[in-house]
Amino acid sequence: MSKDTLMKWIVTLVAVSMLLTAAPGCSAPAPKVAGNYIEGDVSGGEAETLNWILAADASSFGYVGYTLESLAGYDNKFNIVLRCLAKDIEVSPDGLVYTITIRPDLKWSDGSQVTSDDYVYTMNNLMFSSWLNYNYKDDWQEVVDGVKQYVVPAVVDNTTFTVTRKSVQPEFVYTLYDLMPYPKYIAVKYEGNVDAFTQAKEFNNLSYTGNLGPYTFKEWLKNDKFVLSRNPAFFLGKENGAPFFQEMVIKMFGTSAVMQAALEAGDITQCGIEPQNVAKFKKMERINVYTIPTRGYNIISYNQRDNGWEGLRKKEVRQAISMAIDKDTIVKKIYLGFAEPAYSFIPSSSPWYSDDTVLKLGVAPLNSKQQAIEMLKAAGYKYGKNGDRDVLLDKDGKPVKLLLVTTPGSDVVESMSLLIKQELAAIGIDVEVKWVQWATLIRQYMANKVPGSSQEARYNNGPGAVSEETWDLTLMGHSTDPLAPSGSRVFFASDGGLNSFGFFNDKVDALFAKIRSKEGLDKEDRRTMYQELSRVISEEQPVDFITYSRGNNGFQSNVKGIEPGINMGYNYYLWHFE
Amino acid sequence: MRSYIIKRLLYSVIIAWGILTITFILLRVGPTSPVDRYILNIAAKGQDVESVRQAIEARYGLDKPIIEQYLLYMGNLLQGKWGWSFSASQPVMELIGSHWIYSFQLILLATIFAIILGVGLGILSAVNQNTKIDYATSIFSFIGISIPGFWLGLMLILVFAVYLGVFKTFYDTSYPIWSLENLRQLIMPVLALGTGELAGYVRYTRSAMLDNLRKEFVTTARAKGLSERTVIGKHVLRNAVLPLVTIIMFDLGSIVFGGAYLTEIVFGIPGLGQVSFNAIFANDYAVVIAVTLIGTFMVLFINLATDLIYTYLDPRIRYD
């Protein structure tokens, strides 16, 4: 056969095969419903309640989410994915009225339609009630003329309702997207009686969820497993037959070592993998490992209150210390590459992140011990000798010794504490690391009050307040909301409820206020505000943002449909076994 | 005897009440709150931490004066109400009722395994003193005592579940309790929990047997022409078993009060050990008090049972 003939044959075959695959009857077959999906989790991650309105932990909302969809979700690029919404939320031009239209095919378990009245009832009679004390009520309140008040929901028709504010808060729409309803026909029975509501079987067994989620509740044995059955009536599965697993199981493990052994043995379908084990799992043919960004970050807080080292109240000193701590080393040596340096409370995965404006302290070229020493000298501090070492001296001529307080139990935190000690020793600052239990940390080091006052200790009692115990640095893990990062004002605004380190800055306060006002309605303007806020905070360095960690998830390789990313589970109801 | 038992049971109630009261006070005056663990989650969502703390504490009545909380709790307890677990969202008794069986079966099987093999090997070792059997048994028991149960559990999982695939890596509650599959999946946990106990019993039994083998009544028994089996089984073992009962019952008490926790953790067995430890970390007061009370009663009952067994084994002991 000549070369030309061969080419003709190949071209013909390719063309025929393309035609065949393009034909309607020959498209990729729909996935089949088969098998049980078992997700491994460690004990600390178990939900506390399925009666979600009472929950304070994140897992409870996650568990309920399998059976009850919110108004909308987000894909890995933070695009809105409609769930119970028939169309995206409409915001009035003045930014005060939100019009929400739900799908008409949403049903409760008794077959009745889920209406806008259920949503409005859930807000007015449950979330906003004084008898139930909803934990996240701040999201639904605004300060008008100095008085906190709730937003106003109102029914328009069976599938439409509005929520009206008196002040503009551009990020309020993200709160609305997360809204889930309680069935009014059941909830009215328990209204006003917190004990009865807490213990209501229907809510604790999720027996009302109808066609609202891809799965329905089957069994929950605490400390062991949470089992859900496929919901064939799921409103998003009408056309494609989703979901595709017979059962969805969350299995709790006491240790991550056994959980990962279970993945290796094929006893579970998916679980998180620790950085040191990623290479091992990546070599396994039966396992796919996906590395994804997370919302979690570590920070060193600098105590700028009166009972911390006075140097920490100077921006230049804080910058110098942050400059001396090498973030790349932390990423490579402690996280084994599964993290990225952090410079702001806005992660790089967020649409509001700006890489150009943040001051990248702790990463070359702004990671220099010598430059840090020069900055400390420029700030008015001298160096002296302690034995054969050069040490930083405080204003009284004594060597500076800082107390770093953190909690035990995490290898990462322990390694990081020791590395910080080592890094700061290189610029002549001795660090004593103190490990205390979480309850002690929050009560004795974070809670503060003005000495001699009758104040109740809180995490931010204003500029004159100090904690019971003295401290200089704390190392803690936090998490942020990439879509609405202004929630981090609790840490960085002067009146922020968790501003325990005493950072008070008018410019930062003004920017947070601006973002959450009419001026922030325009997304481009808001982006500019966030850029400026990130710049100011990274320059002020009230805390040293260390790293954003990356998560590693191992899956049996026969699980298909996964789209790795920060919101990896957004399409989980489409996942299936090959 | 009956009046002795009644008296002991009465004492038990008083002791349990005392422990309950102390536990209740210690939990309330301690520097912790059920809200502690949520603080960062609440803060990350931009909420006012203090108002959430107050709301949650009010919801579960933790904002009331401690004496009022105590009286309320005791009043409910006398009516058979053990309270509501806010970390598991169910009545405390329902939570315990659905988990106790997993601990019970594990402790029961591990204890039976340890007693039968431990006492058997101890006797074998003693009657074959200074032989290869004795040396082999001694080495086995030293290794058994030295190996931590949780490490043994992890190794068993690695070898028999991951590499050989003989067992599942975790305990599967889908199998009915009274099934062969369930018995089979308990083999590794029972080995992990029972091996340390077993090794100890080998040493104690050997030592107690050797003590008695040297006594004059044994020489007398042998001089009377009794068979060696009768001498060992009827005379020596009966005398040697008395201190063993104390040790075994003491061990049983320790296991009941948390000793099985690590085994439950390693094998993912949702027993009372896990329930109580998770409740402690969650500051779930109602559950902590309930499991403390149950543990107290179990230990008091085990002590009473030990005393009663003494009277059977040694007729010289009389309580009336």
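**Q** With reference to specific residues and values, describe the interface of chain A and chain B.
**A** Facing the 48 residues of chain A at the interface are 45 residues of chain B. When residues of the side of chain A that touches chain B are traced back to their parent elements, those giving at least two are α6 (194-199), β12 (247-253), α8 (256-265), α14 (438-446), β22 (473-479) and α15 (489-492) of chain A. Considered class by class, the residues forming the side of chain A that touches chain B number 19 nonpolar, 17 polar and twelve charged.

**Q** Got a sec to walk through the pairing of strand β7 (residues 147-150) of chain A? Specific residues and values, please.
**A** Moving residue by residue along a regular strand, the side chains alternate between the two faces of the sheet. All names here are of chain A. By the bridge criterion, four bridges tie strand β6 (residues 141-144) to β7 in an arrangement that is antiparallel. In the sheet register, Gln141 faces β7, and the bridge partner there is Tyr150. Adjacent in sequence and paired antiparallel, β6 and β7 are bridged by two residues, among which Asp145 carries a positive phi angle near 50°.

**Q** Tell me about the packing of helix α5 (residues 92-127) of chain B against helix α14 (residues 285-313) of chain B, and name the residues and values.
**A** Residues and elements named next belong to chain B. Interhelical geometry of α5 versus α14 gives an angle of 55° and a closest axis separation of 10 Å. By the angle between their directions, the pair α5 and α14 is classed as oblique. Read as a crossing pair, α5 and α14 show a hand that is right-handed. When α5 is examined against α14, the residues Val92, Leu95 and Ile96 are found in contact with a partner set consisting of Ala286, Val287, Ala290 and Ile294.

**Q** Now, about the nonpolar core: what can you tell me, with residues and values included?
**A** A:Leu376, B:Leu106 and B:Val287 are the most contacted members of the largest nonpolar core, which has 207 residues in total. Among residues more than four places away in sequence, those in contact with A:Leu376 are A:Val317, A:Ala320, A:Tyr381, A:Leu392 and A:Ile427.

**Q** Could you give an account of the domain arrangement of chain B, naming the residues involved and the relevant values?
**A** Residue and element names in this part refer to chain B. Domain annotation of chain B identifies domain 1 (16-81) and domain 2 (94-313). One C-alpha centre belongs to domain 1, the other to domain 2; they are set 37 Å apart. Tallying the contact residues gives eleven residues for domain 1 and ten residues for domain 2. Taken together, the residues that form the side of domain 1 that touches domain 2 break down as six nonpolar, three polar and two charged.

**Q** Break down the packing of helix α11 (residues 327-334) of chain A against helix α13 (residues 411-425) of chain A for me, citing the residues and quoting the values.
**A** All names here are of chain A. It is at 11 Å that the axes of α11 and α13 come closest, and there the two elements cross at 140°. The angle between the axes of α11 and α13 places the two elements in the oblique class. Judged by the twist between their axes, the crossing of α11 over α13 is right-handed. For the pair α11 and α13, the contacting residues are Thr329, Ile330 and Ile334 in the first and Val412, Ser415, Met416 and Leu419 in the second. In terms of residue class, the contact of α11 with α13 is built from five nonpolar, two polar and no charged.

What counts, and where the lines are drawn
- Residues numbered from 1 in each chain as written.
- Chains lettered and ligands numbered in written order.
- Predicted model: local features only at pLDDT ≥ 70, side-chain atom pairs only at ≥ 80, totals over all residues.
- Contact = placed C-beta atoms within 7 Å.
- Helix = DSSP H or I, 4+ residues; strand = E, 2+ residues; numbered from the N terminus.
- Nonpolar A, V, L, I, M, F, W, Y, C, P; charged D, E, K, R; others polar.
- Pairing = 2+ DSSP bridges.
- Axes fitted to C-alpha atoms, helices over the stretch in contact; angles between N-to-C directions.
- Parallel < 35°, antiparallel > 145°, perpendicular 65-115°, else oblique.
- Left-handed = near helix turned anticlockwise from the far one by under 90°.
- Core = buried A, V, L, I, M, F, W, Y, C linked by C-beta atoms within 7 Å.
- Buried ≥ 20, exposed ≤ 12 C-beta atoms within 10 Å, placed from the backbone.
- Domains from an automatic or database assignment.

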